[in-house]
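The residues making up each chain are set out below.
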Amino acid sequence: DAGVTQSPTHLIKTRGQQVTLRCSPISGHKSVSWYQQVLGQGPQFIFQYYEKEERGRGNFPDRFSARQFPNYSSELNVNALLLGDSALYLCASSAHLGFVNQPQHFGDGTRLSIL
Amino acid sequence: KQEVTQIPAALSVPEGENLVLNCSFTDSAIYNLQWFRQDPGKGLTSLLLIQSSQREQTSGRLNASLDKSSGRSTLYIAASQPGDSATYLCAVSNAGGTSYGKLTFGQGTILTVHP
């Protein structure tokens, strides 16, 4: 079975532009979470979506938004890009909203570089 | 606010050594704790998940323990191999609140096992 897939793998943008990152969860998983990982640090939680509704939001500005589609895939949008948005963006999926007994499965991420 | 700290930040050992990675967290009201492995430029691979009611989990040469009351977890790697070289991250999920999908990560321990 395919794992969590993210596209694109790498992306280069300039300041002020907008970007859309995509994620397909593991088949049967209904929950998708997004994380930002700046070089040398642990991932930081951005959003969680479950059944197409936002169920959690981290401490990120309104320039960051996301949505989940009926097939449970998800998009992360970032507007007005800043140099500090350069990072590895990770998507994770899990089967259910509450994941007490199950791990989250991560994709390989999208490396976003802002020039 | 949950904070996760990992010690040491980096570790270099010769092949064959047994080693211990440490993780501490400030809020003991957690659902579970996960240990992840991250290879350079890649996503996260879940190694072990310990539920809050459990004391330890084992997988092959890996053993993770959890002392929730003191806010500590350790990852024990037996008979280390060069292929174990990676960054190891611990993450906790907090009980309660509305951010159901939120994992709080430490900054990781960079492990190098040399032949």
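Because the structure is predicted, anything quoted here is derived from the model rather than measured.

### A short note on the pairing of strand β4 (residues 30–38) of chain B
All names here are of chain B.
Right, so step 1: Of all nine residues that make up β4, eight are buried, and the element is covered over most of its length.
Right, so step 2: Relative to strand β9 (residues 86–94), β4 runs antiparallel, the two being bridged by eight bridges. Following the sheet pairing, glutamine 38 is matched in β9 by threonine 87.
Right, so step 3: As paired strands, β4 and strand β5 (residues 44–51) are joined by seven bridges and run antiparallel to one another. Paired with glutamine 38 across the bridge in β5 is leucine 44.
Right, so step 4: If you look at the hairpin formed by β4 and β5, you'll find five residues sitting between the two strands, and glycine 41 has a positive phi there, around 70°.

### Remarks on the packing of aromatic side chains
Right, so step 1: In the structure shown here, the tally under the stated rule is eight aromatic pairs over all chains.
Right, so step 2: Centroid distance tyrosine 35 of chain A to phenylalanine 105 of chain B: 5.7 Å. Interplanar angle 85°. Geometry classified as edge-to-face. You can see tyrosine 35 of chain A sitting in strand β4 (residues 31–37) and its partner phenylalanine 105 of chain B sitting in strand β10 (residues 103–105), one on each of two chains. There is no split in this pair, since tyrosine 35 of chain A and phenylalanine 105 of chain B are both buried.
Right, so step 3: Taken together, the ring pairs connect Tyr35, Phe45 and Phe106 of chain A together with Phe36 and Phe105 of chain B into an aromatic cluster.

### Remarks on the sheet that holds strand β8 (residues 74–78) of chain A
Residue and element names in this part refer to chain A.
Right, so step 1: Judged by pairing direction, the sheet is antiparallel, and its four strands sit side by side in the order β1-β3-β8-β7 without closing on themselves. Looking at which strands have only one partner, the edges of the open sheet turn out to be β1 (5–7) and β7 (64–68). Here the average twist between neighbouring strands, direction ignored, is 15°.
Right, so step 2: Bridge analysis of β1 against strand β3 (residues 19–24) gives three bridges, and the strand direction is antiparallel. Bridging from a neighbouring strand, serine 7 pairs with arginine 22 of β3.

So, how was this worked out
Residues numbered from 1 in each chain as written. Chains lettered and ligands numbered in written order. Predicted model: local features only at pLDDT ≥ 70, side-chain atom pairs only at ≥ 80, totals over all residues. Heavy atoms only, no water. Buried < 20%, exposed > 50% of the residue type's maximum accessible area, 1.4 Å probe, protein only. Helix = DSSP H or I, 4+ residues; strand = E, 2+ residues; numbered from the N terminus. Pairing = 2+ DSSP bridges. Phe/Tyr/Trp six-rings, centres within 6.5 Å; stacked < 30°, edge-to-face > 60°. Axes fitted to C-alpha atoms, helices over the stretch in contact; angles between N-to-C directions.

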